[in-house]
Amino acid sequence: LALRYEQLSSQIELLNLQGADVIVVVSDALRAELVSRGIDAKRILVNPNGVDSQRYSPEIDGSALRQQLQLTGKTVIGFIGTFGRWHGAEVLSAAFGELLKRNPAYRSNVRLLMIGDGMRMPDAREITAKSNVTEECLFTGLIPQEKGPQYLAAADILVAPHVPNPDGTPFFGSPTKLFEYMAMGRGIVASNLDQIGEVLQHGKTGWLVKPGDTASLQIGLKTLIDNEKLRTEIGQAARKEVIAKYTWQEHTRRIIEKLKECCDCD
């Protein structure tokens, strides 16, 4: 019975796709999937996710929260997410543990701020405990959505350590947090994984690392910890890039332009 409904759902979805003038997807991987199902590529618009660049901004003052969380005077590495399988929170925890092991001086002035909660959060927390860096890590748990920008403003470096799909299929996501990070104007360390590696330019708007590789991530973190000038320049360039290409206004404009193109109207 379940299979019958699944087949019916797929048929309904395909009918809708075949009848649409424009189909918007957030990544090339999703576009390729639709093309493989017989959808005309000319009707598909790849339109990555975006950000409200006023809500997420370098102008947000995170100092009060830093003081509240006892992070004043520290270099703060921030991560926000739902701790899903693909988010790589465990890789970040392991890389941070190794970072402090190799650089003992960081214990006094570097902190890891893990914002959010989810399925893999206990695993990430356990890794930090085994690495003996619990006192240098802060797991906030769930926070109200509207406080997200303030928490990101409390960080100096923002990390998107996404990992590949375990079955080897392409990473089909367009992480919203990537664009939020860019809008915050902070130095970004991120996995060089499909769209993430296409949006960010290594050394210019982000520092790209090998996905799922703790050693590569550790090097990326150390690079931006030690070079405040570089992370400032990367953050400023990322902010300019996201305003030019990845605001929700630009997202909407591209959809309207594609509709005009496909409908052959002014």
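(A) Representation of the pairing of strand β4 (residues 110–116) in the model. Within β4, 7 of the 7 residues are buried, which leaves the element mostly enclosed by the surrounding structure. Looking at chain direction, strand β3 (residues 75–81) and β4 are connected through 7 bridges and run parallel. Counted as the bridge partner of T75 is V110 from β4. Note on the crossover from β3 through helix α4 (residues 89–102) to β4: the handedness is right-handed.

(B) View of the packing of aromatic side chains. In this structure the tally under the stated criterion is 2 aromatic pairs. With a centroid separation of 5.3 Å and an interplanar angle of 70°, the aromatic rings of F79 and F83 are classed as edge-to-face. On the accessibility criterion, F79 (0% relative accessible area) is buried. On the basis of relative accessibility, which here comes to 0%, the residue F83 falls in the buried class. Both rings, one in F179 and one in Y246, keep their centres 5.0 Å apart while their planes meet at 40°; by these two values the pair is tilted. Here F179 is found in helix α7 (residues 176–184), whereas its partner Y246 is found in the loop between α10 (228–245) and α11 (248–263), with 67 residues between them in sequence. Residue classification places F179 among the buried residues on the basis of a relative accessible area of 0%. Under the relative-accessibility criterion, Y246 is labelled buried at 11%.

(C) Representation of the nonpolar core in the model. Ranked by internal contacts, the top residues of the largest apolar core, which has 63 residues, are I77, F96, M114, M182, V189 and L217. Examining the composition of this core, we find that 7 residues originate from one element, α4, more than from any other. Once residues lying within four places of it in the same chain are set aside, the contact partners of I77 are F96, L99, V110, R111, L112, L113, I157, V159, L221 and I225. L17, V25, I39 and I44 belong to the second-largest nonpolar core, a separate cluster that totals 6 residues.

(D) Looking closely at unusual backbone geometry. Even without being a glycine, N132 presents a positive backbone phi close to 60°. Within the secondary structure, N132 sits in the loop between α5 (121–130) and β5 (137–141). Owing to a relative accessible area of 57%, N132 belongs among the exposed residues under this scheme. Even without glycine at this site, D194 takes up a positive phi of about 45°. Turning to its location among the elements, D194 is positioned in the loop between β7 (187–191) and α8 (195–199).

(E) Expanded view of α7. Counting buried positions over the 9 residues of α7 gives 8, a clear majority of the element. Of all the residues in α7, the buried ones are K177, L178, F179, E180, Y181, M182, A183 and M184. Just downstream of α7, G185 is the residue with a positive phi angle, here 70°.

About the cut-offs
Residues numbered from 1 in each chain as written. Predicted model: local features only at pLDDT ≥ 70, side-chain atom pairs only at ≥ 80, totals over all residues. Heavy atoms only, no water. Buried < 20%, exposed > 50% of the residue type's maximum accessible area, 1.4 Å probe, protein only. Helix = DSSP H or I, 4+ residues; strand = E, 2+ residues; numbered from the N terminus. Pairing = 2+ DSSP bridges. Right-handed = clockwise from strand over helix to strand, strands pointing away. Phe/Tyr/Trp six-rings, centres within 6.5 Å; stacked < 30°, edge-to-face > 60°. Core = buried A, V, L, I, M, F, W, Y, C linked by side-chain atoms within 4.5 Å. Contact = heavy atoms within 4.5 Å.

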